[in-house]
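Structure at a glance
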Amino acid sequence: MDNTLKHLAIIMDGNGRWAKLKNKARAYGHKKGVKTLKDITIWCANHKLECLTLYAFSTENWKRSKSEVDFLMKMLKKYLKDERSTYLDNHIRFKAIGDLEGFSKELRDTILKLENDTRHFKDFTQVLALNYGSKNEISRAFKSLLESPPSNISLLESLENEISNRLDTRNLPEVDLLLRTGGEMRLSNFLLWQSSYAELFFTPILWPDFTPKDLENIISDFYKRVRKFGELKC
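Residues numbered from 1 in each chain as written. Predicted model: local features only at pLDDT ≥ 70, side-chain atom pairs only at ≥ 80, totals over all residues. Heavy atoms only, no water.

Here the focus is the nonpolar core. If you look at the biggest cluster of nonpolar residues, it comprises 42 residues, and the most contacted ones within it are Ile-10, Cys-44, Leu-80, Ile-111, Leu-128, Leu-130 and Leu-215. A per-element tally of this core places helix H3 (residues 66-82) first, with 7 residues. Look past the residues within four positions of Leu-80 in its chain and what remains in contact with it is Phe-94, Leu-107, Thr-110, Ile-111, Leu-114 and Leu-128. Membership of the second largest hydrophobic core comes to 14 residues, among which are Cys-51, Tyr-55, Tyr-132 and Ala-198. (Core = buried A, V, L, I, M, F, W, Y, C linked by side-chain atoms within 4.5 Å. Buried < 20%, exposed > 50% of the residue type's maximum accessible area, 1.4 Å probe, protein only. Helix = DSSP H or I, 4+ residues; strand = E, 2+ residues; numbered from the N terminus. Contact = heavy atoms within 4.5 Å.)

Here it is, written out as structure tokens:
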């Protein structure tokens with residue numbers, strides 16, 4: 001079995017705590033977190049990963065204060081517009097997963113435009129999970145299955161394939177390594193189906209302080225685990 005790391009998923013946690021430690025507003029941490037997101041994405045693109053999925057805004061994040069949510073929406077739209085050249089110059093395909101109907105039409109159009117402008121890139125895909133929750137995603141997949149069932153599902157494996165093909169991540173490889181920054185040891189409703197055989201890594205480093213070198217060290221540990229325990233998915 002191929003043990004190459006193809007799909008890395010990251011829960012970017014710690015922006016607010018990082019800002020608090022510096023006696024700054026949470027928005028300051030989110031801005032620094034965007035810089036980290038860019039650095040990590042470019043590193044992954046240059047090191048031959050196939051896919052990087054980042055938990056950017058969850059279905060639960062709507063419970064935050066209106067001022068913070070409004071700031072995050074504006075920051076997301078600005079990021080997608082300002083970083084267009086980063087995607088094009090580095091040959092990065094952009095894809096969004098999640099229930100995008102929860103966003104304004106203007107933001108949805110911005111997301112779809114960047115997806116369209118980068119659709120021809122094949123080697124590396126950056127996925128942003130936006131208004132995403134794994135339970136929500138799986139529920140939508142089952143709703144699709146009920147509304148348009150296949151003509152025949154005789155085996156459990158066939159049913160699993162049908163569900164996978166109706167998830168937001170269809171046509172993407174399964175997650176090999178799921179990493180969470182910030183010290184918490186929870187999956188927080190992120191890619192539960194896709195990470196069923198993933199290696200899990202948790203680091204206390206807050207996301208704004210996380211560097212490509214930190215990621216390089218974690219990936220090195222990942223390969224040590226793979227060599228020690230044999231096949232990646234077992």
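Read on for the rest.
Time to look at the packing of H3 against helix H5 (residues 105-117). How two helices sit against one another is set out by the angle between their axes and by the gap between those axes. Relative to each other, H3 and H5 sit at 30°, their axes nearing to 10 Å. As far as their axial angle goes, H5 and H3 are roughly parallel. Crossing handedness for the pair H3 and H5: left-handed. For the pair H3 and H5, the contacting residues are Met-73, Leu-76, Lys-77, Leu-80 and Lys-81 in the first and Glu-106, Leu-107, Thr-110, Ile-111 and Leu-114 in the second. (Axes fitted to C-alpha atoms, helices over the stretch in contact; angles between N-to-C directions. Parallel < 35°, antiparallel > 145°, perpendicular 65-115°, else oblique. Left-handed = near helix turned anticlockwise from the far one by under 90°.)

We now examine the packing of helix H2 (residues 26-46) against H3. Their axes nearest at 11 Å, the elements H2 and H3 cross at an angle of 25°. With respect to their mutual orientation, H2 and H3 come out roughly parallel. Where H2 crosses over H3, the handedness of that crossing is right-handed. Each of Arg-26, Ala-27, His-30, Lys-31, Val-34 and Leu-37 in H2 lies in contact with H3, whose residues at this interface are Glu-68, Phe-71, Leu-72, Met-75 and Tyr-79.

In total, this model carries 17 salt bridges according to the counting rule given. Between Arg-17 and Asp-13 there is a salt bridge, and its shortest N-O distance comes to 3.1 Å. Of the residues examined, Arg-17 reaches a relative accessible area of 35% and is grouped as partly exposed. In this structure Asp-13 comes out as buried when scored by relative accessible area, which is 19%. Between Arg-166 and Glu-162 there is a salt bridge, and its shortest N-O distance comes to 3.2 Å. In this structure Arg-166 comes out as buried when scored by relative accessible area, which is 18%. (Salt bridge = Lys/Arg side-chain N within 4 Å of Asp/Glu carboxyl O.)

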